[in-house]
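Inside the fold
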Amino acid sequence: MHVHHLLNNNSIANKFIAQLRDVTVQEDRMRFRRNIERLGEILSYELSSKLQYTTKEITTPLGNSKVELPANDIVICSILRAGLPLHNGILNYFDDAENSFISAYRHHPNEDEEFEIKVEYLASPSLNDKTLILADPMLATGRSFVNVMQALKQMGTPKEIHLVAVIGAEEGLKLLDEEFPQHTHLWIAAIDQKLDHRGYIVPGLGDAGDLCFGSKKQH
């Protein structure tokens, strides 16, 4: 897997990530969602460098101009619910893409700290020979990405896969490297070193879904 780590170089993305992590800023849900959306836009710009391009001639008021334009048939798939603002950011840049939505959540069958990833809802076009962009802001254990990709297999085989995340843990990256095809690209803003006993990224930012949309009843 090819990992593209945004914070390897300083940019305005540092500010957006800092605000996402900051407990004094997190109370503003609109800003939290917008910062995830902004990072989706930045990561999409970076991702666009790995797409295929074709030459097209366009007519301006004063003449003609040749330009290289993306040629990929893109499907953006976000993992509900935390993935929605990230999806919007990606869609802002790839505005003619098809869209797919899938649910994945942590199910605690014994009402303790152990959990499994449950996938229950899927709405998607065919993925055959498409460029799949699979988006989830938090890459913790990596099991959500793996389970979702298993569920998406019924929709066909994509030509290429790009994973997009805001913050991840090294353990999750290791699992994706083992489970996804070798040519997969991961576009990620920040990589943290570890998970806590509940499987949350440390230092991370907390529960992205709750911070975006409010708390939920535990399953």
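Not measured: the values here are computed from a predicted model.

Procedures and definitions
Residues numbered from 1 in each chain as written. Predicted model: local features only at pLDDT ≥ 70, side-chain atom pairs only at ≥ 80, totals over all residues. Heavy atoms only, no water. Core = buried A, V, L, I, M, F, W, Y, C linked by side-chain atoms within 4.5 Å. Buried < 20%, exposed > 50% of the residue type's maximum accessible area, 1.4 Å probe, protein only. Helix = DSSP H or I, 4+ residues; strand = E, 2+ residues; numbered from the N terminus. Contact = heavy atoms within 4.5 Å. Axes fitted to C-alpha atoms, helices over the stretch in contact; angles between N-to-C directions. Left-handed = near helix turned anticlockwise from the far one by under 90°. Nonpolar A, V, L, I, M, F, W, Y, C, P; charged D, E, K, R; others polar. Salt bridge = Lys/Arg side-chain N within 4 Å of Asp/Glu carboxyl O. Parallel < 35°, antiparallel > 145°, perpendicular 65-115°, else oblique. Expected span 1.5 Å × (residues − 1). Polar contact = N/O pair within 3.5 Å; in protein donor to acceptor, adjacent residues only side chain to side chain.

Moving on: the nonpolar core. Counting residues in each nonpolar core, the largest one holds 36 residues, and the members touching the most others are Leu39, Ile90, Phe94, Val164 and Leu205. Elements with a minimum of two residues in this core: α1 (13-21), α2 (29-47), β4 (74-80), α3 (83-93), β9 (131-135), β11 (160-169), β12 (185-192) and α6 (208-213). Examining the composition of this core, we find that six residues originate from one element, α2, more than from any other. Setting aside residues up to four positions removed in sequence, isoleucine 90 forms contacts with Gly40, Ser44, Ile76, Ile133, Ala135 and Val164.

Relative to the elements of secondary structure, serine 78 occurs in strand β4. Given a relative accessible area of 0%, serine 78 falls into the buried group. Contact partners of serine 78, with chain neighbours within four places excluded, come to Gly83, Leu84, His87, Ser100, Phe101, Ile102 and Ala135.

Attention now goes to the packing of α1 against α2. Running from N to C, α1 and α2 point in directions that differ by 145 degrees, and their axes come no closer than 9 Å. Between α1 and α2 lies a crossing whose hand is left-handed. Within the contact between the two elements, α1 uses Ala13, Phe16, Ile17, Gln19 and Leu20 and α2 uses Arg31, Phe32, Asn35, Ile36, Arg38, Leu39 and Ile42. In terms of residue class, the contact of α1 with α2 is made up of eight nonpolar, two polar and two charged.

In this section: the pattern of salt bridges. Once their charged atoms are close, side chains differing in charge can pair, the charge on each being opposite to the other. For the structure shown, the criterion picks out seven salt bridges. Aspartate 192 serves as the salt-bridge partner of arginine 21, at 2.9 Å between the closest nitrogen and oxygen. With a gap of 171 residues between them, arginine 21 in helix α1 and aspartate 192 in strand β12 connect regions that are remote in the sequence. In this structure, lysine 174 engages glutamate 178 in a salt bridge whose closest nitrogen and oxygen atoms are separated by 2.7 Å. Of this pair, lysine 174 and glutamate 178 both sit in helix α5 (residues 170-179), separated by four residues, roughly a single helical turn. One exposure class covers both lysine 174 and glutamate 178, and it is exposed. Here the salt bridges do not stand alone but share partners, grouping Arg34, Glu37 and Glu41 into one network.

Bringing the packing of helix α4 (residues 143-152) against α5 into the picture now. Running from N to C, α4 and α5 point in directions that differ by 25 degrees, and their axes come no closer than 9 Å. Between α4 and α5, the crossing angle belongs to the class labelled roughly parallel. In this structure, α4 uses Arg143, Phe145 and Val146 to contact α5, whose residues at the interface are Leu175, Leu176 and Glu179. Considered class by class, the residues forming the contact of α4 with α5 number four nonpolar, no polar and two charged.

Next up on the list: α2. If you check α2, its first and last C-alpha atoms are 27 Å apart, about what 19 residues at 1.5 Å a residue would give, namely 27 Å. Among the residues of α2, Phe32, Asn35, Ile36, Glu37, Leu39, Gly40, Glu41, Ile42, Leu43, Ser44 and Leu47 are the ones counted as buried. Looking at the buried residues of α2, the elements they touch are α1, α3, β9, β11, β12 and α6. Its side-chain oxygen at 3.3 Å from the backbone nitrogen of methionine 30, aspartate 28 defines the N-terminal cap of α2.

So, about the environment of glutamate 160. One can find glutamate 160 in strand β11. Accessibility expressed as a relative area gives 12% for glutamate 160, which makes it buried. Expressed as a C-alpha distance, the spacing of glutamate 160 and asparagine 128, which sit 32 residues apart in the sequence, is 9.9 Å. Residues in contact with glutamate 160, not counting those within four places in the same chain, are Lys50, Leu51, Gln52, Asn72, Lys130, Thr131, Leu132 and His183. Only 3.4 Å separates the side chain of glutamate 160 from the side chain of glutamine 52, close enough to count as a polar contact.

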